[in-house]
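Chain by chain, the residues run as shown.
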Amino acid sequence: MEEKQSEILKNSLHKLILDNSDVTSNLREIIIISTEDKIELCLIKYLKDLEEKKSWIAPVGLLLTIILTFLTTEFKTWGFSKEIWQAIFL
């Protein structure tokens, strides 16, 4: 019974799509029917994957900044010894 209802629904969708579409003889199209919540979940997953691909930028930027600072800075003795200033900075 359920299979028959599924076939009826499939035929109804085919008829609805064909009645409301222009068909070109040398062009084949695939029509995907889905629900809004499934599409929304796919988009959310896609955006999350994009964010994960860019998540390394901030840590690498901070690391480069710290390395460049240590390479170019000469710690001076102002109230504390230069070793203490270096340890505070670290």
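Keep in mind the model is a prediction, meaning the values are calculated, not measured.

Rules of the game
Just so you know, the residues in each chain are numbered from 1, in the order the chain's sequence is written. Residues qualify for local features only when their pLDDT is at least 70, as the model is predicted, and side-chain atom pairs are given and counted only at 80 or more; totals for whole chains, interfaces and linings, by contrast, use all residues. The side-chain quantities take in all heavy atoms of the structure and omit both hydrogens and water. In this text, helices come from DSSP runs of H or I with a minimum length of four residues, and strands from runs of E with a minimum of two, each type numbered from the N-terminal end. For a compact globule the rule gives 2.2 Å times the number of residues to the power 0.38, and the radius of gyration it is set against comes from C-alpha atoms. The method behind every accessible area is Shrake-Rupley, applied with a 1.4 Å probe, and residues are considered shielded solely by the protein chains displayed. Charged residues are defined here as Lys and Arg on the positive side and Asp and Glu on the negative side; His and the ends of the chain fall outside this count. Note that the charge is assigned to NZ on lysines, CZ on arginines, CG on aspartates and CD on glutamates. Each salt bridge in this description consists of a side-chain nitrogen of Lys or Arg and a carboxyl oxygen of Asp or Glu lying within 4 Å of one another. Whether a residue is buried, partly exposed or exposed follows from its accessible area with a 1.4 Å probe, protein chains only, as a fraction of its type maximum: under 20%, in between, or over 50%, in that order. Per-residue confidence from the predictor is given as pLDDT, running between 0 and 100. Residues qualify for a patch when their relative accessible area is over 30% and they have no salt bridge, like charges being joined within 9 Å and the nonpolar side chains of Val, Leu, Ile, Met, Phe, Trp and Tyr within 5 Å.

J.: How would you summarise the overall build of the protein if you had to cite specific residues and measurements?
T.: When helices and strands are tallied, the protein shows four helices and zero strands. Mapped from its N terminus to its C terminus, the protein presents α and β elements in the order α-α-α-α. Here the protein has a C-alpha radius of gyration of 31 Å; the compact-globule value for 90 residues is 12 Å, and the former is much larger. With the C-alpha coordinates aligned to their principal axes, the bounding extent of the protein is approximately 85 × 35 × 15 Å. Accessible surface computed for the protein: about 9200 Å², of which carbon and sulfur atoms make up 63%. Charge separation in the protein, taken as the distance between the mean sites of 11 positive and 14 negative side-chain charges, equals 5 Å.

J.: Can you explain the pattern of salt bridges? Please cite residues and give values.
T.: Applying the stated criterion to the full structure yields one salt bridge. Taking the shortest distance from any N to any O, the salt bridge between Asp49 and Lys45 comes out at 3.3 Å. Placement of the pair is Asp49 and Lys45 together in helix H2 (residues 36-53), with a separation of four residues, close to one helical turn. When its relative accessible area of 54% is taken as the criterion, Lys45 is described as exposed.

J.: Explain the environment of Asp49 residue by residue, including any values.
T.: For Asp49, a relative accessible area of 30% corresponds to the partly exposed category. In the structure, Asp49 is positioned 27 residues away from Lys76 in sequence and 46 Å away in space, judged by C-alpha atoms.

J.: An account of the environment of Leu68 is requested, with residue identities and associated values reported.
T.: Within the fold, Leu68 resides in helix H3 (residues 57-72). Residue class for Leu68 comes out exposed when judged on its relative accessible area of 52%. When the C-alpha positions of Leu68 and Ala58 are compared, they lie 15 Å apart, and in sequence the two are 10 residues distant.

J.: Describe in detail the confidence of the model for the protein, supporting the description with residues and values.
T.: Here the protein averages 81 in pLDDT, while 90% of its residues score no lower than 70. Mean pLDDT per element in the protein: helix H1 (residues 2-19) is the minimum at 78, and H2 is the maximum at 92.

J.: So what's going on with a nonpolar patch on the surface? Residues and values would help.
T.: Nonpolar side chains collect at one region of the surface, where Leu9, Leu13, Leu16, Ile31 and Ile33 lie side by side and expose about 470 Å² of accessible area between them. Accessibility expressed as a relative area gives 55% for Ile33, which makes it exposed.

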